[in-house]
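Close look at the chain arrangement
Here's the letter readout for the chains.
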Amino acid sequence: MNDSDKPLVHLVDDDEAILRSAGFMLKTSGFQVKSYASGLELLKEARSLVTGCILLDVRMPGMDGLQVQEKLQASGIGLPVVIMTGHGDVALAVQAMRAGAVDFIEKPFEKVVLLAALEQGFRRLERAEATADRARDAATRLQALTSREQEVLQGLAGGLPNKTVAHELGISPRTVEIHRANLMTKLGARSFPEALRIAFAAKE
C-alpha cells in the first residue's frame, strides 16, 4: 500500500514527546500522520486539510482543543475529531463530545484504545462520504426533471395528496399523476417511496 492510500491522521499536541510517540505508534499501525504543534497551526491549514481523522489534545496553550474544534466547525470542516486528555480534563473531553467529537482517550493511552477511537472516527468519515455521494447522485438525477415535475415531487414529498398538489399548482389531479409517472421514470425509481428517498437524499 502506498503512503497516499493509507488513512491520514492529523495529530495535534503541543507536547513534542506525544507527537513523537503517538506519531510512531500510528505510523507502525498503517496510518499516515501529519503533526501540528498547536491548534493554531492546524487551523492555518484548515481550508486545505486532506480528508482524515483529527487527533486533538484538549489542553494546549493559546487555544485549547474545544476552541479548535469550535473553529473547525465554524469553518465547515466536518472531519471527525478524537480528543486526547489528561486525567484532570475528563469534563472538558465530555464537553468536546457533546460538541461532536467522536471519542476521547486519556493519556497515557494504550495502542488498542487509540486505534479503537480512530476506527470510530474513520467509520463516521465513511458514512459522511457515503451520504455526500448519495446527495450528489440524487441532485444529479433531480436535474433531469422539468421544473413542474420538481414542484410535483416537492409537494408529494411534503406529504400532500395528489388533489392538494393539483390545487396548489393550478393543474388537474390527472396531470399530477402523469407528472408523477414521468418523474419516476426519469429518476429510475421503481416505486414512489424510492422517488421520495431520492428527493430526501438530495437535501442531506
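Refer to the preceding data block for the structure.
Residues numbered from 1 in each chain as written. Predicted model: local features only at pLDDT ≥ 70, side-chain atom pairs only at ≥ 80, totals over all residues. Heavy atoms only, no water.

Attention now goes to the packing of helix α6 (residues 147-157) against helix α8 (residues 173-187). Remark: α6 packs on α8, axes separated minimally by 9 Å, with the N-to-C direction vectors making an angle of 100 degrees. The orientation of α6 with respect to α8, classified from their angle, is roughly perpendicular. Here α6 contributes Arg 148, Glu 149, Val 152, Leu 153 and Leu 156 to the contact with α8, which in turn contributes Val 176, His 179, Arg 180, Asn 182, Leu 183, Lys 186 and Leu 187. In the contact of α6 with α8, the residues fall into six nonpolar, two polar and four charged. (Axes fitted to C-alpha atoms, helices over the stretch in contact; angles between N-to-C directions. Helix = DSSP H or I, 4+ residues; strand = E, 2+ residues; numbered from the N terminus. Parallel < 35°, antiparallel > 145°, perpendicular 65-115°, else oblique. Contact = heavy atoms within 4.5 Å. Nonpolar A, V, L, I, M, F, W, Y, C, P; charged D, E, K, R; others polar.)

Attention now goes to the environment of Ala 135. Summarising the element assignment, Ala 135 is placed in helix α5 (residues 111-142). Under the relative-accessibility criterion, Ala 135 is labelled buried at 11%. When the C-alpha atoms of Ala 135 and Phe 192 are compared, they prove to be 18 Å apart, with 57 residues separating the residues in sequence. If we skip the residues at most four places from it in the chain, Ala 135 touches Ala 201, Ala 202 and Glu 204. (Buried < 20%, exposed > 50% of the residue type's maximum accessible area, 1.4 Å probe, protein only.)

On to the packing of aromatic side chains, then. Applying the stated criterion across every chain, the model contains one aromatic pair. When the centroid spacing of 5.8 Å and the interplanar angle of 20 degrees are considered together, the rings of Phe 31 and Phe 122 count as stacked. Of this pair, Phe 31 sits in the loop between α1 (16-27) and β2 (32-36) while Phe 122 sits in helix α5, and the two are 91 residues apart along the sequence. This pair shows no difference in class: Phe 31 is buried, exactly as Phe 122 is. The lysine or arginine in question, Arg 180, covers the ring of Phe 192, its NZ or CZ lying 4.0 Å from the ring centre. (Phe/Tyr/Trp six-rings, centres within 6.5 Å; stacked < 30°, edge-to-face > 60°. Lys NZ or Arg CZ within 6 Å of the ring centre and 35° of its normal.)

This next bit is on the sheet that holds β2. Read across the sheet, five strands follow the order β2-β1-β3-β4-β5 without closing on themselves; strand pairing throughout is parallel. The sheet terminates laterally at β2 and β5 (103-106), the two strands that pair on one side only. Across the sheet, the axes of successive neighbouring strands diverge by a mean angle of 20 degrees, strand direction being ignored. When strand β4 (residues 81-85) meets β5, the two strands line up parallel, connected through four bridges. When the sheet's bridge partners are listed, Thr 85 is paired in β5 with Glu 106. (Pairing = 2+ DSSP bridges.)

Remark: α5 packs on helix α9 (residues 192-201), axes separated minimally by 8 Å, with the N-to-C direction vectors making an angle of 110 degrees. By the criterion of interaxial angle, the relationship of α5 to α9 is roughly perpendicular. Seen from above, α5 lies across α9 with left-handed handedness. Packed against α5, whose contacting residues are Arg 134, Ala 135, Ala 138, Arg 141 and Leu 142, the element α9 presents Ile 198, Ala 199 and Ala 201 at the interface. (Left-handed = near helix turned anticlockwise from the far one by under 90°.)

What is expected of a backbone is that most residues other than glycine have negative phi and most peptide bonds are trans. Omega for the bond connecting Lys 107 with Pro 108 falls within 30 degrees of zero, at -10 degrees, which places this linkage in the cis form. Within the element layout of this structure, Pro 108 appears in the loop between β5 and α5.

The next subject is the pattern of salt bridges. A complete count under the given rule lists eleven salt bridges for this structure. One salt bridge connects Lys 186 with Glu 149, and the closest N-O pair in it is separated by 2.9 Å. Of this pair, Lys 186 sits in helix α8 while Glu 149 sits in helix α6, and the two are 37 residues apart along the sequence. Exposure remark for Lys 186: the relative accessible area of 39% places this residue in the partly exposed category. According to the relative accessible area criterion, Glu 149 is buried, its value standing at 4%. Linked by salt bridges that have partners in common, Asp 13, Asp 57 and Lys 107 make up one network. (Salt bridge = Lys/Arg side-chain N within 4 Å of Asp/Glu carboxyl O.)

Don't take any of this as a statement about function, it's just geometry.
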